[in-house]
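Observations on chain architecture
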Amino acid sequence: MLLTDVPLAAYLSFSPLRDLTGSRSTTAASVACIWDQGLPTSVSDNSALQIALEANAVELPSLDSLGWMDLSRAVFGNSRNLEPWEREALDDFTWSELQS
Amino acid sequence: MNFEEAAEKSSVIRTDHRVSFIECLRKIPDFSWTVGQPNSYFDRVQGDFFKEFPVVYLNPAGDPVASRKHVMLVNNSCDLPPERTSMVTVAAVFDFAKYLKSLDGRRSPEAIKNHARDVRENQISELLFIPTLAGFSEGAIVRLDQLCSVGYALLDQAVKAGSRIASFTQSGLYVLLLKLTHHLTRPESSEVVRPEAAIESVTGTPTS
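Values in this document were obtained by computation on a predicted structure and should not be read as measured data.

Each helix and strand in chain A was counted, giving four helices and zero strands. If you list the helices and strands of chain A from N to C, you get α-α-α-α. By the burial criterion, 19% of the 100 residues in chain A qualify as buried. For chain A, contacts bridging at least 24 residues in sequence account for 56% of all contacts bridging at least 6.

Here is the structure:
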């Protein structure tokens with residue numbers, strides 16, 4: 001799915017960062033993203049994303065800086081935080097265990 | 001978390017340990033090499049696991065919840081000699097199999113499977129997964145966001161009572177350090193904004 005006029009940072013909220021690392025495959029739908037100010041292009045699969053990121057390594061001036069920061073963290077490794085349902089489940093379990 | 005990338009950059013990995021550590025990292029998702037028998041040279045080191053250790057936490061209502069759980073010792077080994085501290089920090093250890101069981105019906109089997117995979121691969125910031133620990137058939141999870149301070153005397157008693165059940169291997173300790181580093185000191189997101197007024201209130205110096 002191609003999204004238009006969406007800041008890169010906003011795109012990231014749709015896709016877990018862990019799925020953006022080079023070692024993981026991902027679906028086309030989940031990696032459609034738009035670069036700020038129209039460069040370089042949208043990307044629709046992981047290999048294309050890697051190519052775009054490599055291009056970004058030379059600091060394309062038009063790339064949104066916020067998006068660049070987050071994407072760099074994706075490339076170089078970033079744990080994810082618990083999703084809300086996971087945190088709730090973990091909290092329920094651990095409090096139960098502590099009180100048992 | 002890309003452990004190998006982190007290992008290459010981390011200053012806590014001794015240079016002469018780096019190659020063997022990376023060899024271990026390339027076994028991931030197998031983390032069975034992280035924990036072994038209690039350290040035979042020192043009776044208390046960072047990351048040691050103790051059974052039936054007293055812990056207390058404040059629940060969301062503010063009430064103390066006291067328990068006896070298996071724990072992991074968080075303190076740096078250098079701070080563990082008796083003359084160095086009066087308090088130690090521990091993290092409770094939970095049974096991964098029981099946790100997985102508690103997830104039944106909370107989400108789709110696929111979602112639970114994915115969550116379990118991420119835990120096992122140590123990809124969740126606040127969780128440390130230990131696959132092999134006595135008494136935990138499918139491994140154990142340590143909540144790095146759920147720490148508890150207790151008096152040093154309790155650690156001393158546990159050591160003397162022989163309650164220590166496991167220690168980290170050298171490479172396993174590095175995994176712990178990377179996890180702690182990442183969880184507690186990872187770079188702040190660029191989305192986090194600190195208003196100028198907040199900076200001023202801390203420094204006492206007007207910023208403009």
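Right, let's get into the overall build of chain B. Secondary structure summary: chain B contains seven helices and seven strands in total. What you see in chain B, going N to C, is helices and strands ordered as α-α-β-β-β-β-α-α-β-β-α-β-α-α. In terms of principal-axis extent, the alpha carbons of chain B reach across some 60 × 50 × 45 Å. Every one of the 208 residues in chain B was classed for burial, and the buried ones make up 33%. In chain B, of all internal contacts separated by at least 6 residues, the share reaching a separation of at least 24 is 63%.

Here we take up helix 4 (residues 109-120) of chain B. For helix 4 of chain B, which comprises twelve residues, the first-to-last C-alpha distance of 16 Å matches the rise-based estimate of 16 Å (1.5 Å per residue) to within 8%. The set of residues buried in helix 4 of chain B consists of His115, Asp118, Val119 and Arg120 of chain B. Lining the buried residues of helix 4 of chain B we find helix 4 (84-99) of chain A together with strand 5 (127-130) and strand 6 (140-151) of chain B.

What follows covers the pairing of strand 7 (residues 164-168) of chain B. Residues and elements named next belong to chain B. Burial analysis of strand 7 places four of its five residues in the buried class, which makes it a mostly covered element. Both strand 2 (residues 49-58) and strand 7 contribute to a ladder of two bridges, which runs antiparallel. Looking at the pairing, Phe49 lines up with Ala166 of strand 7.

All names here are of chain B. Judged by pairing direction, the sheet is antiparallel, and its seven strands sit side by side in the order 1-7-2-3-4-6-5 without closing on themselves. Two strands bound the open sheet, and with one partner strand each, they are strand 1 (35-36) and strand 5. Where strand 3 (residues 64-73) meets strand 4 (residues 87-95), three bridges bridge the pair, whose relative direction is antiparallel. Note that in strand 4 the partner of Val71 across the bridge is Ala92.

Another aspect to go through is unusual backbone geometry. All names here are of chain B. For the bond running from Ile28 to Pro29, omega is 20°, close enough to zero to count as cis. Along the chain, Pro29 falls in the loop between helix 2 (18-25) and strand 1. Even without being a glycine, Glu52 presents a positive backbone phi close to 45°.

Residues and elements named next belong to chain B. Topologically, Pro38 is positioned in the loop between strand 1 and strand 2. Overall, the presence of 18 C-beta atoms within 10 Å leaves Pro38 in the partly exposed class. Put simply, Pro38 and Phe49 are eleven residues apart on the chain and 8.3 Å apart in space, counted from C-alpha to C-alpha. Excluding residues that lie within four positions of it along the chain, Pro38 makes contacts with Asp48, Arg164, Ile165, Ala166 and Ser167.

Attention now moves to the confidence of the model for chain B. Of all residues in chain B, 91% attain a pLDDT of 70 or more, and the chain-wide mean is 90. As scored by the predictor, the complex reaches a pTM of 0.72 and an ipTM of 0.87.

With that settled, the discussion passes to the environment of Ser102 of chain B. Of note, Ser102 of chain B is situated in helix 3 (residues 96-102). Separated by 21 residues in sequence, Ser102 of chain B and Gln123 of chain B have C-alpha atoms that sit 20 Å apart. Excluding its chain neighbours within four sequence positions, the residues that come into contact with Ser102 of chain B are Ala89, Asp92 and Phe93 of chain A.

Calculation rules
- Residues numbered from 1 in each chain as written.
- Chains lettered and ligands numbered in written order.
- Predicted model: local features only at pLDDT ≥ 70, side-chain atom pairs only at ≥ 80, totals over all residues.
- Helix = DSSP H or I, 4+ residues; strand = E, 2+ residues; numbered from the N terminus.
- Buried ≥ 20, exposed ≤ 12 C-beta atoms within 10 Å, placed from the backbone.
- Contact = placed C-beta atoms within 7 Å.
- Expected span 1.5 Å × (residues − 1).
- Pairing = 2+ DSSP bridges.
- pLDDT = per-residue confidence, 0-100.

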